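The primary structure of each chain is shown beneath.
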Amino acid sequence: MLAILAHPDDESYGMGGTLAKFSHQGWRVSLLCATRGELGIPGVPQDAAGKIRELELRQAAGHLGISVDFLGYIDGTLADLDPDQILKTLISSIEKIQPDIILTFGPDGISGHPDHVTVSHFVTKAVTQFFPTVTLLYLAPSEATLLGCGVSSNNPEPDSTSIKIDISGFKIEKIKAIQSHLSQTPALKRKAEEEVDQIPCSEYFTVAQPGINLQYLLEEDNT
């Protein structure tokens, strides 16, 4: 399983439970982070902020049980990159990792952030054009995305086309990952065990490309 996202902390809030669940099931779970979030700490120079946020992400990844690599782009610049260059980089990275399932943002980037939207666009293009057997999933707005992005579904439950991942057994790992991003002043400040009720029991994704591994995710009991 491979998540391709824009900034440190994107992995923890919306899909941290899913990443932790699959890594604990024995899957090899990886994250490609496009930037180091250099613009994410007001008043801190970009280079220093990037180093801080990289360390935070690596700590979060340890709690989730995933590996991390950076694509090396600068926060806030993704929409201005050479389209051919970023597409080539993504294709090369996916070929190296050889994932069965890729997770990323939907076309609206959940929050509308230009970096999120750009990542979604190029990951979708790379996967649909060059990796037809890979299952591509978009993170869907739900209660799980409210905490990090401030965006939830307009409906109490995401629609029937969504895939629901039960993360109830992996809330502690998710909370500890969120709390690793100290520079982002995470809302969950108490001990992880005391914050469990603040984390929804499910994370949701929509299918952008079914690939050959979708059935596993659709099984009623994929614990």
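The text that follows walks through the structure, step by step, so that each part is easy to find. (Residues numbered from 1 in each chain as written. Predicted model: local features only at pLDDT ≥ 70, side-chain atom pairs only at ≥ 80, totals over all residues. Heavy atoms only, no water.)

### Describing the pattern of salt bridges
At step 1: By the definition in use, this model includes six salt bridges.
At step 2: Of the charged contacts in the structure, one is a salt bridge between aspartate 47 and lysine 51, with a shortest N-O distance of 3.4 Å. Of the two residues, aspartate 47 and lysine 51 both sit in helix 3 (residues 46–64), four residues apart, roughly one turn of that helix.
At step 3: Owing to a relative accessible area of 55%, aspartate 47 belongs among the exposed residues under this scheme.
At step 4: With a closest N to O distance of 3.0 Å, arginine 58 and glutamate 54 form a salt bridge. Of this pair, arginine 58 and glutamate 54 both sit in helix 3, separated by four residues, roughly a single helical turn.
At step 5: Accessibility expressed as a relative area gives 39% for arginine 58, which makes it partly exposed. (Salt bridge = Lys/Arg side-chain N within 4 Å of Asp/Glu carboxyl O. Helix = DSSP H or I, 4+ residues; strand = E, 2+ residues; numbered from the N terminus. Buried < 20%, exposed > 50% of the residue type's maximum accessible area, 1.4 Å probe, protein only.)

### Regarding empty space enclosed by the protein
At step 1: Going through the model one piece at a time under the given rule, you end up with two cavities of 30 Å³ or more.
At step 2: Here the largest cavity is characterised by a volume of approximately 50 Å³.
At step 3: Lining of the largest cavity is provided by Ile4, Ala34, Leu71, Tyr73, Leu78, Ile86, Leu90, Thr118, Val119, Phe122 and Val123.
At step 4: Contributions of two or more residues to the lining of the largest cavity are made by strand 3 (67–73), helix 4 (83–97) and helix 5 (114–130).
At step 5: Approximately 30 Å³ is the volume attributed to the second largest cavity.
At step 6: Lining the second largest cavity are Met1, Thr18, Ile101, Leu103, Leu137, Ile165, Phe205 and Leu217.
At step 7: Class assignment of the residues belonging to the lining of the second largest cavity gives a composition of seven nonpolar, one polar and no charged. (1 Å grid on protein atoms, 1.4 Å probe; cavity = no way out; pocket = protein on both sides within 12 Å on 5 of 7 lines; lining within 4 Å. Points joined across faces, edges and corners; volume = space filled by probe spheres on them. Nonpolar A, V, L, I, M, F, W, Y, C, P; charged D, E, K, R; others polar.)

### Quick look at helix 4
At step 1: End to end, helix 4 covers 21 Å across 15 residues, agreeing with the expected 21 Å (1.5 Å per residue, within 8%).
At step 2: Regarding helix 4, its N-cap is aspartate 82, as a side-chain oxygen of that residue lies 3.0 Å from the backbone nitrogen of aspartate 84 further along.
At step 3: Glutamine 98 sits one or two residues past helix 4 and shows a positive phi near 55 degrees. (Expected span 1.5 Å × (residues − 1). Polar contact = N/O pair within 3.5 Å; in protein donor to acceptor, adjacent residues only side chain to side chain.)

### Observations concerning the sheet that holds strand 5 (residues 135–139)
At step 1: Read across the sheet, seven strands follow the order 3-2-1-4-5-7-6 without closing on themselves; strand pairing throughout is mixed. Sheet topology places strand 3 and strand 6 (162–166) at the edges, where each strand pairs with a single neighbour. Averaged over all pairs of adjacent strands, the angle between strand axes in this sheet comes to 30 degrees, irrespective of strand direction.
At step 2: Relative to strand 5, strand 4 (residues 101–105) runs parallel, the two sharing five bridges. Bridging from a neighbouring strand, threonine 104 pairs with tyrosine 138 of strand 5.
At step 3: Sitting on the sheet, helix 4 touches strand 1 (2–5), strand 2 (30–35), strand 3 and strand 4, and the angle it makes with strand 3 is about 165 degrees. (Pairing = 2+ DSSP bridges. Axes fitted to C-alpha atoms, helices over the stretch in contact; angles between N-to-C directions. Contact = heavy atoms within 4.5 Å.)

### Focus: the pairing of strand 4
At step 1: With five of its five residues buried, strand 4 lies for the most part within the structure.
At step 2: Where strand 1 lies against strand 4, two bridges are found, and the strand directions are parallel. Paired with leucine 2 across the bridge in strand 4 is isoleucine 102.

### Overview of the environment of glutamine 59
At step 1: Tracing the chain through its elements places glutamine 59 in helix 3.
At step 2: C-alpha of glutamine 59 to C-alpha of lysine 176: the two residues are 117 residues apart in sequence and 9.1 Å apart in space.

### Remarks on the environment of isoleucine 165
At step 1: Looking at the element boundaries, isoleucine 165 is found in strand 6.
At step 2: Between the C-alpha atoms of isoleucine 165 and isoleucine 199, which are 34 residues apart in sequence, the distance is 13 Å.

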